[in-house]
Amino acid sequence: MDFVHADPGLVLGRLTEKSGFSIETTQRDAWRSQITILQKELVLFVGRGSVFFEFSVPRLGKRIDVLALIDHVIFVIEFKVGESLFNRSAVDQVWDYALDLKNFHETSHHCVIAPILIATNTKNVNGVVSMSHHNDGVLEPINTSSEFLGKTITTVLQLSTGEGIDASTWESGRYRPTPTIIEAASALYGNHSVADLSRSDAGEKNLARTSVAIADLISEAKSKRKKAICFVTGVPGAGKTLVGLDVATKHMDAKSDLHSVYLSGNGPLVSILREALTRDEVARKKAVGQKLRKGEARKAVDAFIQNVHHFRDAYLADEQPPVDHVVIFDEAQRAWTLEQTTQFMARKKGLPDFNRSEPDFLISCLDRHPDWSVVICLVGGGQEINTGEAGIGEWLRAIHDHYPDWEVHISPHLQDSEYGTGDALAILQDRQNIHFNEDLHLAVSMRSFRAEHVSTFVKHLLDRQLRSAHDVLKHVLPRYPIVVTRGLDKAKSWLREKARGSERFGMVVSSQAQRLKPHAIDVKSPMDPIHWFLDDKTDVRSSYYLEDVATEFHVQGLELDWACVVWDADLRFGADDWEYRSFVGSKWQKIHLAHRQMYLKNAYRVLLTRARQGMVIVVPPGDSNDPTRAPSFYDPIYSYLLDLGLNEI
């Protein structure tokens, strides 16, 4: 169709026909307004491009009003019909669309992309065209009146260069996003496939293969009426939680034998995912003209994602088999030891004779089924960060001691040192019904779509393998900036400069970082992770304000686009190894217990692997007048980071 000269009614009819849902009057009027403006302003470019209406952006769950491919530029045009102001959220919205195309749409990677925002009730606003200092082809957002759209397009074309875009080739390009866990959970809950959320360049092995392996295991267990447990391993950010949510979303029907539940002991993660899915479901229904109360949406979400401790407590009181035949335990390594569980049951539940570890009890609940059941354990390496967390060895011991008939399906990488199985795996070696499956390991981090080697770099950094860390860093820095500084204000400015659109940034610190108070950082000050992770730039409680800080307990399992990690004197660079400290009363005390040292080291592992696009590490200069913040505590840390090859700002 020659859009510019087409009958506006015909164009409107096509849009209505292709929409797939009933069209509200406001939407029809908005399209009519857009068609009128575009036909007038694009007349200069007839024969030089193509126009797409309502272009889908799967990762964001939204649609771009208009995409215009003209010569060598992709114009992302967002209309605010009836608006007379260019508000901040609208600017971020069109910017997000442009960045999403650049990062995740294959045939847009190397194109110039110009985000344009039009408030239709403005007059005489001639948009300023400026190239971004990021130098990736995405221009700064252009705010303009509708009568200047054609002139704006001409200016962009004159100021930029590139190869012409073939519309049919461009349109055939795959959209392969790397969503945040919150975005991914919303997409899966909205019936997207996990295959839609995996990246083509994240290695041949992806989430879909692991999900298929688990689905096959569940299907076999049901058909052959047997019980099985499987252990899925993966590097930080590889998508273990995504796999668990994928299995759970495929079997949400409570009336089905395959009904499954996703459980996590990570309280902030559960709360944030529940709130995000609830908000998203209400918004999704509203978009198609349906009303859904937030309370009603939350009921369904709460049944789908549960806190593992609530599940445990429910089946302490109820001795019947669970309603679920399939249970997914995320961060299974964080389940409690025998000692921790026994103490808790005696102290909090009035059960002095309780004598089971948490893994043992959780398996026993599924063992109550007379026919079949499947337990899926998602295991993170080096992620134990709290007292009483058992690691995966406790699960293996429970299986060996009490469940000889259960089939065991294990990722071969469970033997790697960071999973801390120790001798526990050896006790299962003579077992007949144990199966090792490479498909149960997720080898490539998807958290950072810019550099999959970040988790490897962090591992070498914390293991003090300077040469290895230095070598890996060479592959990381070209696409994933990591900088260091002594100044917190410099770090905050760097974050604000790097983040575009609604890319989320925030400040994270160790829960033991108690001598950052002079920098207005108080780890004991309460913060609400829901507001911190989900609210926008207008809310002072959000991460964007860089006032409230999150600790490893708040951010484990979640991610930011850009992170500021502030390093305190709790983890110090000693001559031969790290020195571990805890601040008690008015002074630092040495941490001698090996498991507490591990928790602290793992806390920094969590903090240093949160960012998807880049991070700044702040090592304060200390204060020679304050014995709790002596410069000698901090200087060696900073020198070590510089020796790794990190750039200083």
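Reading the values: rules and limits
- Residues numbered from 1 in each chain as written.
- Predicted model: local features only at pLDDT ≥ 70, side-chain atom pairs only at ≥ 80, totals over all residues.
- Heavy atoms only, no water.
- Helix = DSSP H or I, 4+ residues; strand = E, 2+ residues; numbered from the N terminus.
- Rg over C-alpha atoms; globule rule 2.2 N^0.38 Å.
- Contact = heavy atoms within 4.5 Å.
- Areas by Shrake-Rupley, 256 points an atom, 1.4 Å probe, with all protein chains shown as cover.
- Phe/Tyr/Trp six-rings, centres within 6.5 Å; stacked < 30°, edge-to-face > 60°.
- Buried < 20%, exposed > 50% of the residue type's maximum accessible area, 1.4 Å probe, protein only.
- Lys NZ or Arg CZ within 6 Å of the ring centre and 35° of its normal.
- 1 Å grid on protein atoms, 1.4 Å probe; cavity = no way out; pocket = protein on both sides within 12 Å on 5 of 7 lines; lining within 4 Å.
- Points joined across faces, edges and corners; volume = space filled by probe spheres on them.
- Pairing = 2+ DSSP bridges.
- Axes fitted to C-alpha atoms, helices over the stretch in contact; angles between N-to-C directions.
- Parallel < 35°, antiparallel > 145°, perpendicular 65-115°, else oblique.
- Left-handed = near helix turned anticlockwise from the far one by under 90°.
- Nonpolar A, V, L, I, M, F, W, Y, C, P; charged D, E, K, R; others polar.
- Salt bridge = Lys/Arg side-chain N within 4 Å of Asp/Glu carboxyl O.
- Patch = residues over 30% accessible without salt bridge, like charges linked within 9 Å, V, L, I, M, F, W, Y side chains within 5 Å.

Colleague: So what exactly am I meant to see when it comes to the overall build of the chain here?
Modeller: What the chain contains, in helices and strands, is 21 helices and 21 strands. What you see for the chain is a C-alpha radius of gyration of 27 Å, in line with the 26 Å of a compact globule of 649 residues. Here the contacts in the chain between residues at least 6 apart in sequence split such that 75% fall between residues at least 24 apart. Entry remark: accessible area of the chain is about 27500 Å², with carbon and sulfur atoms responsible for 48%.

Colleague: Which parts of the structure should I look at to understand the packing of aromatic side chains?
Modeller: Both the distance between ring centres and the angle between the ring planes are used here to describe each pair of aromatic rings. Considering all chains together, one arrives at 18 aromatic pairs under this definition. Between Phe329 and Trp395 the ring centres are 5.4 Å apart and the planes differ by 50°, which places this aromatic pair in the tilted class. Separated by 66 residues along the polypeptide, Phe329 in strand β9 (residues 326-330) and Trp395 in helix α14 (residues 393-402) bring together distant segments of the chain. The burial state of Phe329 is the same as that of Trp395; both residues are buried. Considering the side-chain rings of Phe573 and Trp578, the 5.7 Å spacing of their centres and the 85° angle between planes classify their relative orientation as edge-to-face. For Phe573, a relative accessible area of 24% corresponds to the partly exposed category. Classification of Trp578 by relative accessible area gives buried; the value is 4%. Members of the aromatic cluster, each reached through a chain of ring pairs, are Trp567, Phe573, Trp578, Tyr604 and Tyr640. Over the ring of Phe573 we find Arg464; its NZ or CZ atom is 3.7 Å from the centre of that ring.

Colleague: Mind showing me how you'd approach the layout of surface pockets here?
Modeller: In this approach a probe as big as a water molecule rolls over the atoms, and the regions it shows empty are the leftover space. There is about 740 Å³ of room inside the second largest pocket. Considering the residues around the second largest pocket, the lining is formed by 27 residues, among which Phe3, Leu15, Val51, Phe52 and Phe53 are closest to the centre. In terms of residue count, strand β1 (residues 49-57) provides more of the lining of the second largest pocket than any other element does, 8 residues in total.

Colleague: Help me understand the sheet that holds strand β18 (residues 578-584) in this model?
Modeller: Sheet strands pair via backbone hydrogen bonds, and the direction of the pair is either parallel or antiparallel. Strand order in the open sheet formed by 3 strands is β17-β18-β19, and the pairing between neighbours is antiparallel. Whereas interior strands pair on both sides, the edge strands pair on one side only; in this sheet they are β17 (571-573) and β19 (587-590). Shown here is a sheet whose adjacent strand axes are inclined to one another by a mean of 45°, direction ignored. As judged from the 3 bridges shared by β17 and β18, these two strands associate in the antiparallel manner. Residue pairing for β18: Leu571 is matched across the bridge by Tyr580. Each of β17 and β18 is contacted by helix α20 (residues 594-608), which is oriented at about 95° to β18, the strand it contacts most.

Colleague: What's the story with the packing of helix α13 (residues 358-367) against α14 in this structure? I'm lost.
Modeller: Between two packed helices, the angle of one axis relative to the other and the distance separating the axes together describe the packing. Viewed as axis vectors pointing N to C, α13 and α14 meet at an angle of 55°, and their least axial separation amounts to 8 Å. The pairing of α13 with α14 is recorded here as oblique in orientation. Classified by chirality, the crossing of α14 by α13 is right-handed. Here α13 contributes Pro359, Asp360, Leu362 and Ile363 to the contact with α14, which in turn contributes Glu394, Trp395, Ala398, Ile399 and His402. Among the residues making up the contact of α13 with α14, the classes are represented as 6 nonpolar, 1 polar and 2 charged.

Colleague: Could you clarify how one ought to interpret the sheet that holds strand β20 (residues 611-618) in this entry?
Modeller: The strand order across the open sheet built from 5 strands is β15-β16-β20-β14-β21, with neighbouring strands paired in parallel fashion. Pairing within the sheet leaves two strands with one partner each, and these edge strands are β15 (505-509) and β21 (647-648). In this structure, strand β14 (residues 482-485) lies alongside β20, joined through 4 bridges in parallel fashion. Paired with Val483 across the strands is Val616, a residue of β20.

Colleague: Hey, could you run me through the environment of Arg605 in this one?
Modeller: Position of Arg605 relative to the elements: it lies in helix α20. Each C-alpha atom, one on Arg605 and one on Leu461, is 9.3 Å from the other, the two residues being 144 residues apart in sequence.

Colleague: What should I look at first to understand the pattern of salt bridges in this one?
Modeller: Side chains bearing opposite charge may pair, as long as their charged atoms lie close to each other. Following the criterion strictly, the structure yields 32 salt bridges and no others. As a salt-bridge pair, Asp71 and Arg48 come within 2.5 Å of each other at their nearest N and O atoms. Here the residue Asp71 occupies a position in the loop between β2 (62-70) and β3 (73-80), and Arg48 occupies one in the loop between α2 (25-41) and β1, the gap between them amounting to 23 residues. For Arg48, a relative accessible area of 36% puts it in the partly exposed group. The shortest N-O distance in the salt bridge between Lys601 and Asp463 comes to 3.2 Å. Separated by 138 residues along the polypeptide, Lys601 in helix α20 and Asp463 in the loop between α15 (454-462) and α16 (466-476) bring together distant segments of the chain. The buried category is assigned to Lys601, whose relative accessible area is 17%. Connected through shared salt-bridge partners, Glu275, Arg279, Lys294, Arg298 and Asp535 make up one network.

Colleague: How should a nonpolar patch on the surface be read in this particular structure?
Modeller: On the surface, a cluster of nonpolar side chains totalling about 260 Å² of accessible area is made up of Val43, Leu44 and Val46. Looking at where Val43 falls in the secondary structure, it is placed in the loop between α2 and β1. Its relative accessible area of 42% is what places Val43 among the partly exposed residues.

Colleague: Just checking my understanding: could you explain the side chain of Ser264 for this structure?
Modeller: Looking at the secondary structure, you find Ser264 in strand β7 (residues 260-264). Residue Ser264 is classed as buried on the basis of its relative accessible area of 0%. For Ser264, the residues in contact, after removing those within four places along its chain, are Leu269, Val270, Gln306, Asn307, Val308 and Asp330.

Nothing here speaks to function; it is geometry throughout.
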